[in-house]
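Observations on the three-dimensional arrangement
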Amino acid sequence: MLDLNVINQIKDYAKVNNVPIMTDSGIYYLIKYITKNKVKRVLEIGTAIGYSAIMMCSADPELTVTTIERDEKRYLEALKNIKKLKLEERIHLIYNDALEVKIDDFYDLIVIDAAKAQNQKFFEKFEKNLFEDGTIITDNMKFHGLVEKNLDEIESRNLRQLVHKIKDYITFLKTNKKYETEFLDIGDGLAISKKV
Ligand code: SAH
Ligand code: MG
């Protein structure tokens, strides 16, 4: 069992420091998914401070997570949190840009929750690491409701480009014949892509 005090401290830290961790409903869905599908090996792109990796571990004592983070401060905080909960044996933390890391292992589940403009790059890079019956889950498909808006309603040019990228990623998933993708209105929007 996870120490709930520590979990709440991690959530408080995220709030105070504006770390965009997954919402409760997103985490709840992941945990249910892991249990139902007997997921044992997870690859996560975007650790932040370790919250989602830690919560996924609570689903199954046999589960292991390899997770990648490029921001040093967040990586160090994640390391601290994982130690506090004695999950060092189960969570393998990689401090690097996910697009630079070489990974040869296979996973039942890949969670993409990093730079939203790079979703397709992450997907195409890591799909080779998925078992035959594996699934890729992408977070923030709604991007705080902005994806439903018309692009000309969004004032900031950078934000507009980012939303455009997410829309392109949705098209990429919808037209990808190798996967069947379901879009769920859970948390900030989840895409569940199962290999067919
Ligand atoms: N999954 C976490 C939240 C991740 S927030 C949770 O729910 O608890 C997204 C993180 O992805 C940020 O910390 C950011 O630094 C990291 N990130 C963005 N692009 C990345 C990349 N190319 N490689 C590794 N990490 C990246
Ligand atoms: Mg997210």
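Structure: see above.
Criteria and cut-off values
Residues numbered from 1 in each chain as written. Chains lettered and ligands numbered in written order. Predicted model: local features only at pLDDT ≥ 70, side-chain atom pairs only at ≥ 80, totals over all residues. Heavy atoms only, no water. Near = heavy atom within 4 Å. Polar contact = N/O pair within 3.5 Å; in protein donor to acceptor, adjacent residues only side chain to side chain. 1 Å grid on protein atoms, 1.4 Å probe; cavity = no way out; pocket = protein on both sides within 12 Å on 5 of 7 lines; lining within 4 Å. Sits in = over half its atoms within 2 Å of the grid points. Helix = DSSP H or I, 4+ residues; strand = E, 2+ residues; numbered from the N terminus. Nonpolar A, V, L, I, M, F, W, Y, C, P; charged D, E, K, R; others polar. Pairing = 2+ DSSP bridges. Axes fitted to C-alpha atoms, helices over the stretch in contact; angles between N-to-C directions. Contact = heavy atoms within 4.5 Å. Donors = N, O, S within 2.8 Å, 3.2 Å for Na, K, Ca; no water. Buried < 20%, exposed > 50% of the residue type's maximum accessible area, 1.4 Å probe, protein only. Right-handed = clockwise from strand over helix to strand, strands pointing away. Core = buried A, V, L, I, M, F, W, Y, C linked by side-chain atoms within 4.5 Å. Domains from an automatic or database assignment. Parallel < 35°, antiparallel > 145°, perpendicular 65-115°, else oblique. Left-handed = near helix turned anticlockwise from the far one by under 90°. Expected span 1.5 Å × (residues − 1). Arc of directions from axis to C-beta.

**Quick notes on the site of ligand 1**
Near ligand 1 there are 21 residues, and of these Gly-46, Glu-69, Arg-74, Ala-98 and Asp-113 occur at the shortest range. Here a nitrogen atom of ligand 1 sits 3.3 Å away from a polar atom, N or O, in the main chain of Arg-70. Here a nitrogen atom of ligand 1 sits 2.8 Å away from a polar atom, N or O, in the side chain of Asp-113. With respect to the pocket detection grid, ligand 1 is positioned in the largest pocket. Listing elements by their share of the shell around ligand 1, those giving two or more residues are helix H3 (51–57) and strand E2 (64–69). Of the residues contributing to the shell around ligand 1, the split by class is 10 nonpolar, four polar and seven charged.

**Concerning the sheet that holds strand E1 (residues 41–45)**
Taken together, the seven strands give an open sheet; going across it, the order is E3-E2-E1-E4-E5-E7-E6, and neighbouring strands pair in mixed fashion. The open sheet is flanked by strand E3 (91–95) and strand E6 (179–184), the only strands paired with a single partner. The sheet shows a mean angle of 15° between the axes of neighbouring strands, taken without regard to direction. Where strand E5 (residues 130–138) lies against strand E7 (residues 190–195), four bridges are found, and the strand directions are antiparallel. Bridging from a neighbouring strand, Ile-136 pairs with Ser-193 of E7. Here helix H4 (residues 72–84) sits on the sheet and contacts E2 and E3; the angle it forms with E3, its principal contact strand, is near 165°.

**Concerning the coordination of the magnesium ion (ligand 2)**
Octahedral six-donor coordination of a metal ideally yields angles of 90 or 180 degrees, compared with 109.5 degrees for tetrahedral four-donor coordination. The magnesium ion (ligand 2) binds to the protein through Asp-113 (OD), Asp-139 (OD) and Asn-140 (OD1), with metal-donor distances spanning 2.1 Å. Read from N- to C-terminus, the donor residues coordinating the magnesium ion (ligand 2) fall into the pattern D-x25-D-N. Its relative accessible area of 6% is what places Asp-139 among the buried residues.

**Brief notes about the pairing of E5**
As defined by bridge partners, strand E4 (residues 107–112) adjoins E5 across five bridges and the pair is classed as parallel. Counterpart to Val-111 in the pairing with E5 is Ile-137. Crossover connection from E4 via helix H5 (residues 119–126) to parallel E5: handedness right-handed.

**Description of the side chain of Ser-193**
For Ser-193, the position within the fold is in strand E7. Here the side chain of Ser-193 touches Thr-181 through a polar contact of 2.9 Å, side chain to side chain. Discounting residues that sit within four places of it in the chain, Ser-193 has contacts with Phe-123, Gly-134, Thr-135, Ile-136, Leu-173, Tyr-179, Glu-180 and Thr-181.

**Some details on the nonpolar core**
Of all hydrophobic cores here, the largest spans 38 residues; its most connected members are Val-42, Ile-54, Leu-63, Leu-85, Leu-87, Leu-109 and Ile-137. Going through the elements one at a time, helix H1 (4–16), helix H2 (24–36), H3, H4, E3, E4 and E7 are the ones with two or more residues in this core. Considering each element in turn, this core owes the most residues, six residues, to H3. Mapped onto the domain boundaries, this core takes at least three residues apiece from domain 1 (1–8 + 41–100) and domain 2 (106–196).

**Describing the packing of H1 against H4**
For the pair H1 and H4, interaxial distance at closest approach is 11 Å and the crossing angle is 165°. Taken together, the axes of H1 and H4 lie roughly antiparallel to each other. In this structure, H1 meets H4 at a crossing whose hand is right-handed. For the pair H1 and H4, the contacting residues are Val-6, Gln-9, Ile-10 and Tyr-13 in the first and Lys-73, Glu-77, Asn-81 and Lys-84 in the second. When its residues are assigned to classes, the contact of H1 with H4 shows three nonpolar, two polar and three charged.

**A closer look at H1**
An ideal rise of 1.5 Å per residue puts 18 Å on 13 residues; H1 measures up with 18 Å between its terminal C-alpha atoms. When H1 is considered as a whole, its buried residues turn out to be Val-6, Ile-7, Ile-10 and Ala-14. End-on, the buried residues of H1 take up no more than an arc of 105°, which puts them together on one face. For H1, the exposed residues lying more than 90 degrees away from the buried face are Leu-4, Asn-5, Lys-15 and Val-16.

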